[in-house]
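An overview of the molecular structure
Letter by letter, the chains look like this.
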Amino acid sequence: MSHGTALGACRALIVRDLALLWRRRGDALNPALFAVMVIMLFPFALGPEPQMLGRIAAGTVLVALLLAGLLSLDALFRSDLEDGSLEQLVLSPHPLPLLLACKIAVHWLTTALPLLLAAPLLGELLFLPPQVLGTLMAALALSTPLLSLIGAVCVALTVGMRRSGMLLALLVLPLYVPVLIFAAGACDAAQQGLPVAAPLLWLGAALVLALVLAPLACAAALRISLS
Amino acid sequence: MSEFFAMGGYGAYVWGSLAVFFVVLGIDAAAPLVKRRRVLRELRGRLKRAQKRNEESA
Amino acid sequence: MNPLVLWFHKLGSPPYFYRLAGRLLPWLWGLAAIGIAAGLYGGLVLAPPDYQQSDAFRIIYIHVPSAWMSLFIYFFMAVNGFIALVWRIKLSEILAMAAAPVGAAFTFICLATGSLWGKPMWGTWWTWDARLTSELVLLFLYLGVIGLYHAIEDRRQAARAAAFLALIGIVNLPIVHFSVKWWNTLHQGSTVKLFGPSLIDSRMLWPLLIMAVATKFAFAASLLSRARVDLLELESGKDWARQIALAEETSA
């Protein structure tokens with residue numbers, strides 16, 4: 001029996017996931033909507049002074065996007081588990097880490113990318129200083145895939161549970177702390193007019209590391225929780 | 001003696017730390033004992049039920 | 001077979017481990033109690049007051065051993081988790097999961113006493129210092145492991161998933177510590193130094209070392225008594241567990 005190539009399997013998986021998401025394209029905007037609502041709460045809580053909001057804008061946008069990403073993480077394997085295709089994925093003759101990497105990539109494209117595009121708008125709502133915007137976007141572009149990759153490992157561990165929301169947050173947030181620190185560090189440096197290369201390079205290094213290791217860890221975790 | 005308990009004015013903090021230490025370790029030591037009683041009670045209950053079933057079927 | 005290897009195989013057998021742990025437990029608790037009593041007597045009574053912090057420094061005899069234990073136990077848990085994942089040894093799964101609550105307890109003690117120490121010394125209950133923040137993240141890692149273990153129905157699968165999380169955590173921990181340090185120095189200058197190496201004299205040092213050893217014994221005792229109960233629960237269908245349950249009934 002022929003199984004086709006691993007590349008073909010990846011392409012089929014990506015096309016299938018994109019098709020599934022396209023059928024329910026309204027949901028794709030939910031994380032971005034959530035982020036806008038979180039951002040909207042800050043001026044109400046802290047007062048509308050542009051100076052005060054501008055000082056905390058970058059960090060607030062980062063946290064809002066992190067939380068929005070956390071909310072959408074749960075959906076990564078949920079529907080696949082329910083219709084049984086996740087087990088087929090684990091049983092398939094193709095390397096599981098590669099297939100999971102494709103799934104994570106699609107998930108990032110459909111949940112994090114809209115957030116990334118919304119980020120300048122969110123920054124504008126909070127009077128983000130213009131010189132920080134470039135750094136913020138660079139930090140977000142590097143850190144959102146990192147968050148998706150780290151999060152995927154934790155989702156794989158909780159995949160069999162019915163109500164995993166709070167537990168997932170507990171597992172994921174300690175792992176998110178370093179990413180948030182470096183992303184916020186870059187924005188802070190930009191705000192003070194300091195060089196921003198170092199924290200961004202650290203984020204890039206972490207992203208490269210996670211790109212290789214996280215799919216492997218995700219596969220191992222998935223095998224544990226489906227065994 | 002009261003000078004010793006006052007700890008140079010820091011008594012509340014020093015003895016408070018000591019209290020935290022002993023309370024938390026006490027809970028930590030008691031937890032397995034409580035769980036042990038529960039596990040054994042459940043196990044005995046299961047054994048009794050199994051015995052009763054055997055007698056009924058015999 | 002080599003007697004040591006043979007003993008190791010025997011140790012992996014639940015009834016043997018249960019009996020051995022039962023015999024060791026009173027000794028471990030006894031040594032822990034004597035050590036803690038001696039260490040605290042040395043620390044609270046015999047050691048001279050610190051010239052800067054006067055008597056408040058005595059919190060060190062609880063705070064620092066707890067901090068050491070919080071890291072030691074996490075390491076112990078991760079090593080046992082690794083063994084459980086690679087060789088699938090049931091006893092390692094049990095030991096790793098029994099260590100988690102004890103580690104969380106010590107981490108909590110460390111944070112609480114640190115807070116009680118910080119209030120008179122720094123004038124605040126909490127500061128976002130690198131060590132404090134890493135310790136807080138450590139507590140969350142412990143809680144995550146415990147939460148995951150209890151959220152999965154199947155005990156052995158739960159132990160393997162939680163052990164995997166513990167391994168991820170041990171990679172994460174140095175990263176957190178390093179990044180928090182970097183973040184902190186970016187925001188403010190030097191953090192408050194607790195004590196320089198010259199400050200600690202031998203009359204202050206020996207009770208600290210005794211406390212460090214005594215808390216190891218307390219950990220071992222708590223670990224074994226937890227592991228015994230967990231084994232009993234896991235093996236409740238087996239004959240040896242039934243015999244223990246029936247024997248306890250006649251004696252009770």
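Bear in mind the structure is a predicted one, so any value in this text is a computation, not a measurement.

Brief notes about the overall build of chain B
Each helix and strand in chain B was counted, giving two helices and zero strands. Taking 2.2 N^0.38 as the reference for a compact globule, 58 residues should give roughly 10 Å; the C-alpha atoms of chain B span a radius of gyration of 24 Å, well beyond that estimate. Taking the principal axes of its C-alpha atoms as reference, chain B extends roughly 75 × 15 × 10 Å. Within chain B, buried positions represent 29% of all 58 residues. Surface exposure of chain B reaches about 4000 Å², of which carbon and sulfur atoms provide 60%. Distance between charge centres in chain B, computed from 11 positive and 5 negative side chains, equals 9 Å.

Quick word on the interface of chain A and chain C
Contacts between the two partners involve 24 residues from chain A and, on the opposite side, 26 residues from chain C. In total, chain A and chain C occlude about 2100 Å² of area from one another, counting both sides; carbon and sulfur atoms represent 83% of this. On the chain A side of the interface with chain C, the three residues burying the most area are Leu157(A), Ile181(A) and Ile224(A), jointly 25% of the side's total. Taken together, the links from chain A to chain C amount to zero salt bridges. Linking chain A with chain C are three residue pairs in polar contact (both at pLDDT 80 or more), by the criterion used here.

With respect to the interface of chain C and chain B
With 44 residues of chain C in contact, the opposing surface of chain B contributes 29 residues. Between chain C and chain B the total buried area reaches about 3100 Å² when both faces are included, carbon and sulfur atoms providing 74% of it. It is Leu44(C), Leu116(C) and Val229(C) that lose the most area in chain C upon contact with chain B, and together they represent 15% of the buried surface on that side. There are three salt bridges connecting chain C and chain B. For the salt bridge of Arg226(C) with Asp28(B), the shortest nitrogen-to-oxygen distance reads 2.7 Å. Across the contact surface, chain C and chain B share seven residue pairs in polar contact (both at pLDDT 80 or more). For the side of chain C that touches chain B, the secondary structure elements donating two or more residues are helix H2 (14-46), helix H3 (60-87), helix H4 (90-122), helix H7 (202-234) and helix H8 (239-251) of chain C. With 11 residues, the single largest contributor to the side of chain C that touches chain B is H4(C).

Regarding the UniProt feature "transmembrane region" (unreviewed entry) in chain C
The residues that UniProt annotates with the feature "transmembrane region" (unreviewed entry) are residues 27-47, 67-87, 94-116, 136-152, 164-184 and 204-224 of chain C. Along residues 67-87 of chain C the backbone is 100% helical and 0% strand, and the end-to-end C-alpha distance reaches 30 Å.

Observations regarding empty space enclosed by the protein
Residue and element names in this part refer to chain A. Inspection of the entire model under this criterion finds five cavities of 30 Å³ or more. In this model, the largest cavity occupies a volume close to 120 Å³. Contributing to the lining of the largest cavity are 14 residues, with Gly-69, Ala-112, Thr-144, Leu-147 and Ser-148 lying nearest its centre. Going through the elements one at a time, helix H3 (50-73), helix H6 (96-125) and helix H7 (130-157) are the ones with two or more residues in the lining of the largest cavity. With six residues, H3 is the single largest residue contributor to the lining of the largest cavity. Its residues assigned to classes, the lining of the largest cavity shows eight nonpolar, six polar and no charged.

Comments concerning a positive patch on the surface
Judged by side-chain charge, Arg46(B), Arg49(B), Lys52(B), Arg53(B) and Arg242(C) come together as a positively charged surface patch. A total of four residues in the positive patch trace back to one element, the largest contributor, which is helix H2 (residues 11-57) of chain B. Take Arg242(C): it is sitting in helix H8. Judged by its relative accessible area of 33%, Arg242(C) is partly exposed.

Side note on the state of the cysteines
Residues and elements named next belong to chain A. Counted according to the given criterion, the structure contains zero disulfides over all chains. The thiol of Cys-10 is not disulfide-bonded; the next cysteine sulfur, from Cys-102, is found 3.4 Å away. On the basis of relative accessible area, Cys-10 is assigned to the buried category, the value being 8%. On the basis of relative accessibility, which here comes to 12%, the residue Cys-102 falls in the buried class.

Details of the confidence of the model for chain C
All names here are of chain C. On average, residues of chain C score 84 in pLDDT, and 90% of them reach the 70 mark or higher. Across chain C, the secondary-structure element scoring lowest on mean pLDDT is H8, at 77, and the one scoring highest is H3, at 91. Taken together, the chains of this predicted complex give a pTM of 0.88 and an interface ipTM of 0.86.

Concerning unusual backbone geometry
Of note in the backbone geometry, Phe127(A) takes a positive phi value of approximately 55° without being a glycine. Along the polypeptide, Phe127(A) turns up in the loop between H6 and H7. Residue Phe127(A) is classed as partly exposed on the basis of its relative accessible area of 40%. For Arg88(C), which is not glycine, the phi dihedral falls at a positive 55°. Turning to its location among the elements, Arg88(C) is positioned in the loop between H3 and H4.

Some points on the arrangement of the chains
By number of contacts, the leading pair among the two pairs of chains in contact is chains B and C. Regarding chain A and chain B, which are not in contact, the minimum distance between any of their C-alpha atoms is 22 Å.

Examining the side chain of Ser179(C)
Along the chain, Ser179(C) turns up in helix H6 (residues 155-187). Engagement of the side chain of Ser179(C) in a polar contact is seen with the backbone oxygen of Val176(C), the distance being 3.0 Å. Contacts of Ser179(C), omitting those with residues within four sequence positions, involve Pro178(A), Ile181(A) and Phe182(A).

With respect to the packing of H6(A) against helix H9 (residues 197-226) of chain A
All names here are of chain A. H9 packs onto H6 with a crossing angle of 105° between their chain directions and a minimal axis gap of 8 Å. Here H6 lies roughly perpendicular to H9, going by the angle between them. Along the contact surface, H6 presents Leu-96, Pro-97, Leu-100 and Ala-101, while H9 presents Pro-215, Leu-216, Cys-218, Ala-219, Leu-222 and Arg-223. Among the residues forming the contact of H6 with H9, the class breakdown is nine nonpolar, no polar and one charged.

Analysis parameters
Residues numbered from 1 in each chain as written. Chains lettered and ligands numbered in written order. Predicted model: local features only at pLDDT ≥ 70, side-chain atom pairs only at ≥ 80, totals over all residues. Heavy atoms only, no water. Helix = DSSP H or I, 4+ residues; strand = E, 2+ residues; numbered from the N terminus. Rg over C-alpha atoms; globule rule 2.2 N^0.38 Å. Buried < 20%, exposed > 50% of the residue type's maximum accessible area, 1.4 Å probe, protein only. Areas by Shrake-Rupley, 256 points an atom, 1.4 Å probe, with all protein chains shown as cover. Lys, Arg positive; Asp, Glu negative; His and termini not counted. Charge placed at Lys NZ, Arg CZ, Asp CG, Glu CD. Contact = heavy atoms within 4.5 Å. Buried area = accessible area lost by both parts, 1.4 Å probe. Salt bridge = Lys/Arg side-chain N within 4 Å of Asp/Glu carboxyl O. Polar contact = N/O pair within 3.5 Å; in protein donor to acceptor, adjacent residues only side chain to side chain. UniProt positions renumbered as here; feature names shortened; annotations may be inferred. 1 Å grid on protein atoms, 1.4 Å probe; cavity = no way out; pocket = protein on both sides within 12 Å on 5 of 7 lines; lining within 4 Å. Points joined across faces, edges and corners; volume = space filled by probe spheres on them. Nonpolar A, V, L, I, M, F, W, Y, C, P; charged D, E, K, R; others polar. Patch = residues over 30% accessible without salt bridge, like charges linked within 9 Å, V, L, I, M, F, W, Y side chains within 5 Å. Disulfide = S-S within 2.5 Å. pLDDT = per-residue confidence, 0-100. Axes fitted to C-alpha atoms, helices over the stretch in contact; angles between N-to-C directions. Parallel < 35°, antiparallel > 145°, perpendicular 65-115°, else oblique.

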